[in-house]
Amino acid sequence: MTDPSPAPNGIRWTSFDSPVGQLLLTADEFGALTSLSVPGQKGGRTVRPEWRQDPGPFRAAGEQLTAYFAGELKEFQLEFRSSGTDFRERVWTALDSVPYGATTTYGEIAARIGASRAAVRAVGGAIGANPLLVVRPCHRVIGADGSMTGYAGGLDRKVQLLTLEDALR
């Protein structure tokens, strides 16, 4: 029998097999998804000793990820929490509005949040710091010239996700 009390710091985790590798999911003490990392991710999370392995809070995420990777889900309906600066939160909210099967550019994200063209590099940094890969679609952001640029999970995974979504035309 597992202890139902939260981990000392409230973080629970589980792993999930996917076509892009073993995903690491974390949730807070309330069950909200706080991160989704892929193996070798730049800035990705790794399991810490004080976290508690508990697949319970991740049932909906697992079901939705399975449907997404099967091409059956176009929009995640998950409770998640992220913490970042006001600027990062605005960028991440803009990412949430990029629809399945579409791409956008760093400059377009900057414009959506009311940032100047000079802020494109900062937008790229905020996108690279996205703690919720796949479910918050940073993979849908490409270079202004259509190039596959920057993805914390690796460009191969970015192409794989965009191919799944039929976004590469």
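All values derive from a computational prediction rather than experimental measurement.

Caption draft 1: Looking closely at the overall build of the chain. Within the chain, the secondary structure is distributed over 5 helices and 6 strands. Taken against the 2.2 N^0.38 rule, which gives 15 Å for 169 residues, the C-alpha radius of gyration of the chain at 16 Å falls within 12% of a compact globule. Across its three principal axes, the chain shows a C-alpha extent of roughly 55 × 35 × 25 Å. Residues counted as buried form 47% of the 169 residues belonging to the chain. Of the contacts formed within the chain by residues at least 6 apart in sequence, a portion of 56% connects residues at least 24 apart.

Caption draft 2: Layout of the pairing of strand β2 (residues 21-27). The buried fraction of β2 amounts to 5 of the 7 residues, a majority that puts the element mostly inside the structure. In the sheet, strand β1 (residues 12-18) pairs with β2 via 7 bridges, with the strands oriented antiparallel. Looking at β2, one finds that S18 is bridged to G21. Between β1 and the antiparallel strand that follows it, β2, lie 2 residues. Judged from the 4 bridges that link them, β2 and strand β3 (residues 33-37) form a sheet pairing that is antiparallel. Its bridge partner lying in β3, T26 is registered against S35.

Caption draft 3: Molecular detail of the sheet that holds β2. Within the open sheet, the 4 strands sit side by side as β3-β2-β1-β4. Their pairing is mixed. Each edge of the open sheet carries a strand with a single partner, namely β3 and β4 (52-53). Examined bridge by bridge, β1 and β4 share 2 bridges and lie parallel to one another. Across the sheet, R12 pairs through a bridge with R52, a residue of β4.

Caption draft 4: Up close: the environment of A167. Structurally, A167 can be placed in the segment after α5 (155-164). Between the C-alpha atoms of A167 and R117, which are 50 residues apart in sequence, the distance is 25 Å.

Caption draft 5: Inspection of the side chain of T26 at higher detail. With respect to the helices and strands, T26 occurs in strand β2. Owing to a relative accessible area of 0%, T26 belongs among the buried residues under this scheme. A polar contact of 2.7 Å, which involves the side chain of T26, links it to the side chain of T34. One polar contact links T26 to R45, side chain to side chain, over a distance of 3.2 Å. Residues within four places of T26 in sequence aside, it is in contact with I11, R12, W13, A32, L33, T34, S35, R45, W51 and F58.

Conventions used here
- Residues numbered from 1 in each chain as written.
- Predicted model: local features only at pLDDT ≥ 70, side-chain atom pairs only at ≥ 80, totals over all residues.
- Heavy atoms only, no water.
- Helix = DSSP H or I, 4+ residues; strand = E, 2+ residues; numbered from the N terminus.
- Rg over C-alpha atoms; globule rule 2.2 N^0.38 Å.
- Buried < 20%, exposed > 50% of the residue type's maximum accessible area, 1.4 Å probe, protein only.
- Contact = heavy atoms within 4.5 Å.
- Pairing = 2+ DSSP bridges.
- Polar contact = N/O pair within 3.5 Å; in protein donor to acceptor, adjacent residues only side chain to side chain.

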